[in-house]
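The primary structure of each chain is shown beneath.
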Amino acid sequence: MNLHEYQGKEILHSFGVNIQRGIVASTPEEAVEAAKKLNKDTGTSWWVIKAQVHAGGRGKGGGVKLAKSLDDVRKIASEIIGMNLVTPQTTKEGKKVHQVLIAEDVYYPGESETSEIYMSVLMDRQQGRNLIMYSTEGGMDIEQVAEDTPELIFTEEIDPRVGLQGFQARKIAFNLGLSGLAFKEMVKFVTSLYNAYDGIDASLFEINPVLKTSDNKILAVDAKVTLDDNGLFRHPDYAALRDIREEDSTEVEAGEAGLNFVKLDGNVGCMVNGAGLAMATMDIIKMAGGNPANFLDVGGTADAARVEKAFRIILKDDSVKAILVNIFGGIVRCDRVAQGIVDAYKNIGDIDIPIIVRLQGTNAVEAKKIIDDSGLKVHSAIMLKEAAGLVKELV
Amino acid sequence: MSVLVNKDSKIIVQGFTGKEGSFHASQMIEYGTNVVGGVTPGKGGQTHLDRPVFNTVDEAVKETGADVSIIFIPPAFAADGIMEAANAGIKVIVCITEGIPVKDMIKVKEYLKAFDCTLIGPNCPGVITADEAKVGIMPGFVFKKGNVGIVSKSGTLTYEAADQVVKAGLGITTAIGIGGDPIIGTPTLEAVKMLMEDEETKGIVMIGEIGGNLEALAAKWIKENGTKPVVGFIAGETAPAGRTMGHAGAIVGGAEDTAQAKKTIMRECGIHVVDSPADIGTKMAEVLK
């Protein structure tokens, strides 16, 4: 589950991580009030207005702007709230901005130069261990840094038996070229950051940039925080932070019905049991000359109610010109799935696009007979090759 | 010969008396699997499916001599169940549970290093040695005896592959569902090695999906050490980058872990890669001729 920047920062702060302070606002009026309060609390007289959407590259799309007066704050906030923000990570329609974060200006001049650092915490799948990845090249696209100057990216692996150790935090601060107060601040920053990662069942932290201020403080200016969905049961308070406005409404509806659905932009819908077979089915659609309109895993119990819900969700998309149902019945019997499909079809009424049903496994022959005898506009197949042929024919 | 489980395996079921555990244990018994008992804390001393129930795995091992365990414990407690099995001396632990937090699995992976045991899964369909032992949730009738081994991340795609192999006139030695989670006990490479060393297995089907580098690692090993033909398929050619497709592990991250990149590496390593999942069986028949 992804969090907004402001939510991520609040959580980090609760673990003692220094952050750029800010207040979230949903209207220009709230934005101005937030700016006034920040001025009182932090002394800042400039403010950064940041669109709160689940996508990176917000600055490039005009979603992050500096305000030098309260009038600026009102003007910029009213421009950003309600806009469709297009960034390199969104679709071309962009994402609607519902909230902005009014943040203190932390790039003020002082005794030393400010510098931007990159830092992330993630799990290394090969080792099955967490690691901290960091670089002196903050504020930039880390993929680009990895390509151009891989020697400037460092990693520190964490031993799960003992967690992050002091020597590791010091090594990170030294590798980042810090000394004096900034060094001490960084050791504290890294230690609290890792404690937060471990404490909240996170699956990714990306802090880009971490800023060394002109007065040698270390703080998180941005925060991308992703939580492990499987760990949410331990953190009902974080689970409540989910913002479903950021998700596709059909995907949310499917999720509530126990269906694993991802919307794609093709012309052939599909309904499959099992994630691997679902992806393979999408590949087959492509090879047969179509384009998959979705990923949909109905799970182990492909009963009539679920099948009907799945059909209704797929049919919401007008660009869908055909549907391929691919069920490998093992424990679940194919004849029952077939009956479910026929019942769902009749319940929905007039489906005017062709449906191809491929049922294989337990009682596949009986299942084919149920489909063929139903009198509905449904094509049946047993072997995957036949189903692929039917898609080719119909698309 | 076969790998991991066979007719002599003594198998216990953790989460024996629960809904999932009961259902699948009875299916396993029906297949002819040597299920010697089960574990449900607090229900020790009872009898379930005509087999004894124990409070702890330790007790079950001492009483029955069990060496294999299959786990149907809810995600919040499954990691604990895996460690209990290892601690009690179980040699092959098959964890079916889906949805275990990554943080728990990091701990499990570290803990298991001290024990001589093999973990299969989690979030997997299990292991089946045709006509001998079904330690999983797969439909047993699909897996007819033969000389092809299967390694796969996904459940239904494993059944699909096995079905095609059988329809192509061949059969299965052992099929290993390694699981789709970010951290699994037995990665593709380890499972492929087992089948390469198995005398009975003449060919191997290796099925992967987008995300991670498990298939690439296996492919490189096969290139240097492989002694049997391998047919490969990677699901997810059409999956868009950055989206989770059902399995937590199936996220396209960098350039290396797309379906296309994996297939290229596999082909370079001499694996017979099929683009369509409908061709797995016929391709295997062709290369074994």
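Not measured: the values here are computed from a predicted model.

Draft legend 1. Local environment of the packing of aromatic side chains. Enumeration according to the criterion identifies seven aromatic pairs over all chains in this entry. Each ring, one from Tyr134(A) and one from Phe154(A), has its centre 5.2 Å from the other, and the planes form 20°; the classification is stacked. In this pair, Tyr134(A) sits in strand β8 (residues 129-135) while Phe154(A) sits in strand β9 (residues 153-157), placing the two residues 20 residues apart along the sequence. Tyr134(A) gets classed as buried once you look at its relative accessible area, which sits at 0%. According to the relative accessible area criterion, Phe154(A) is partly exposed, its value standing at 25%. Between the aromatic rings of Tyr111(B) and Phe115(B), the centroid separation amounts to 5.1 Å while the plane-to-plane angle is 40°, which identifies the pairing as tilted. Over the aromatic face of Trp46(A) sits the side chain of Lys68(A), whose NZ or CZ is 4.5 Å from the ring centroid.

Draft legend 2. Fine view of the interface of chain A and chain B. Taken together, the contact between chain A and chain B spans 48 residues of the former and 57 residues of the latter. Between chain A and chain B, the buried area comes to about 3900 Å², and carbon and sulfur atoms account for 63% of it. There are five salt bridges connecting chain A and chain B. In this structure, Arg129(A) and Glu110(B) form a salt bridge, with 3.0 Å as the shortest nitrogen-oxygen distance. The set of elements that each furnish at least two residues to the side of chain A that touches chain B consists of β8, α6 (180-199), β13 (260-263), α9 (275-287), β16 (322-329), β17 (355-361) and α13 (384-394) of chain A. Looking at the side of chain A that touches chain B, the element that brings in the most residues is α9(A), giving 10 residues.

Draft legend 3. Quick look at the sheet that holds strand β10 (residues 145-152) of chain B. All names here are of chain B. One open sheet accounts for seven strands, arranged β9-β8-β11-β10-β12-β13-β14; its pairing is mixed. Either end of the sheet is taken by a strand with one partner, and the two such strands are β9 (133-136) and β14 (272-273). Here strand β12 (residues 203-209) pairs with strand β13 (residues 230-235) via six bridges, running parallel. When the bridges of β13 are listed, Val-205 appears paired with Val-231.

Draft legend 4. A look at unusual backbone geometry. Backbone torsion omega between Asn208(A) and Pro209(A) reads 5°, so that peptide bond is classified as cis. Along the chain, Pro209(A) falls in strand β10 (residues 202-212). Here the bond from Gly121(B) into Pro122(B) is cis, since omega is 5°, no more than 30 degrees from zero. One non-glycine residue, Asn216(A), lies in the positive phi region at around 65°. Taking relative accessible area as the criterion, Asn216(A) reaches 16% and is therefore assigned buried. At Asp131(B), a residue that is not glycine, the phi angle is positive and equals roughly 65°. Along the chain, the position of Asp131(B) falls in the loop between β8 (126-129) and β9.

About the cut-offs
- Residues numbered from 1 in each chain as written.
- Chains lettered and ligands numbered in written order.
- Predicted model: local features only at pLDDT ≥ 70, side-chain atom pairs only at ≥ 80, totals over all residues.
- Heavy atoms only, no water.
- Phe/Tyr/Trp six-rings, centres within 6.5 Å; stacked < 30°, edge-to-face > 60°.
- Helix = DSSP H or I, 4+ residues; strand = E, 2+ residues; numbered from the N terminus.
- Buried < 20%, exposed > 50% of the residue type's maximum accessible area, 1.4 Å probe, protein only.
- Lys NZ or Arg CZ within 6 Å of the ring centre and 35° of its normal.
- Contact = heavy atoms within 4.5 Å.
- Buried area = accessible area lost by both parts, 1.4 Å probe.
- Salt bridge = Lys/Arg side-chain N within 4 Å of Asp/Glu carboxyl O.
- Pairing = 2+ DSSP bridges.

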